[in-house]
Amino acid sequence: VTPLKAILEDRMQKGDKMIPTILLYGCGDDAEIPFHDDFKALAAKHPQLTVRFFAEKRSEKSRAEGGRPLAVLPSYIIPDADYLMCGPPPFMEAARSMLVQAGIPSQQIHQDRY
């Protein structure tokens with residue numbers, strides 16, 4: 001997620017105030033959300049940035065919603081948007097498939113594989 005953090009910070013600093021930007025961040029355990037506070041602070045300063053955290057394993061004081069980002073992805077699809085993703089291969093393949101099926105051209109889908 002480090003590359004996405006840098007991209008979002010740069011995008012917000014450059015004043016892309018009119019472009020909706022959405023980060024759907026999933027993790028296995030809500031205790032392991034790198035940059036949670038940084039992303040929340042960035043979203044608080046920039047109203048065009050929406051950040052949602054998802055975790056499969058949650059504590060009583062969870063900082064994430066239950067579930068996975070793919071479950072809500074269809075409600076965030078914007079035809080002219082670019083999509084930046086990172087994550088395990090099964091997630092990336094499923095997300096790409098959902099976007100392509102929704103009519104998003106491949107050149108608007110960017111993936112950071114690890």
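Everything below is about the structure shown above.
As the structure is a computational prediction, the values presented were derived from the model and not from experiment.

Student: Even after reading the chapter, I still don't get the overall build of the chain, so can you show me in this structure?
Tutor: Regarding its fold elements, the chain presents three helices and five strands. The linear arrangement of helices and strands in the chain, starting from the amino end, is α-β-α-β-β-β-α-β. Scaling as 2.2 N^0.38, a compact globule of 114 residues should have a C-alpha radius of gyration of about 13 Å, and the chain matches this with 14 Å. The principal-axis extent of the C-alpha atoms belonging to the chain is close to 40 × 35 × 25 Å. Buried positions account for 34% of the 114 residues belonging to the chain. Entry remark: accessible area of the chain is about 7100 Å², with carbon and sulfur atoms responsible for 54%.

Student: Teacher, can you tell me more about the pairing of strand E4 (residues 83-87) here?
Tutor: Across a regular strand the side chains alternate sides, sitting on one face of the sheet and then on the other. The buried fraction of E4 is high, at four of five residues. One ladder, built from five bridges, connects E4 with strand E5 (residues 109-113); its direction is parallel. The residue of E5 that forms the bridge with Cys86 is Asp112. With respect to chirality, the unit in which E4 leads through helix H3 (residues 89-101) into the neighbouring parallel E5 is right-handed.

Student: Can you help me understand the layout of surface pockets in this one?
Tutor: Empty space among the atoms becomes apparent when a probe as large as a water molecule is rolled across them. Its boundaries defined by the atoms lining it, the largest pocket holds a volume of some 1000 Å³. Taken together, 37 residues line the largest pocket, and the ones lying closest to its centre are Leu23, Leu24, Leu84, Met85 and Phe91. At the level of elements, helix H1 (2-13), strand E1 (21-29), E4 and H3 are the ones that each hand at least two residues to the lining of the largest pocket. Ranked by residue count, the leading element in the lining of the largest pocket is E1, at eight residues. In terms of residue class, the lining of the largest pocket is made up of 26 nonpolar, five polar and six charged.

Criteria and thresholds
- Residues numbered from 1 in each chain as written.
- Predicted model: local features only at pLDDT ≥ 70, side-chain atom pairs only at ≥ 80, totals over all residues.
- Heavy atoms only, no water.
- Helix = DSSP H or I, 4+ residues; strand = E, 2+ residues; numbered from the N terminus.
- Rg over C-alpha atoms; globule rule 2.2 N^0.38 Å.
- Buried < 20%, exposed > 50% of the residue type's maximum accessible area, 1.4 Å probe, protein only.
- Areas by Shrake-Rupley, 256 points an atom, 1.4 Å probe, with all protein chains shown as cover.
- Pairing = 2+ DSSP bridges.
- Right-handed = clockwise from strand over helix to strand, strands pointing away.
- 1 Å grid on protein atoms, 1.4 Å probe; cavity = no way out; pocket = protein on both sides within 12 Å on 5 of 7 lines; lining within 4 Å.
- Points joined across faces, edges and corners; volume = space filled by probe spheres on them.
- Nonpolar A, V, L, I, M, F, W, Y, C, P; charged D, E, K, R; others polar.

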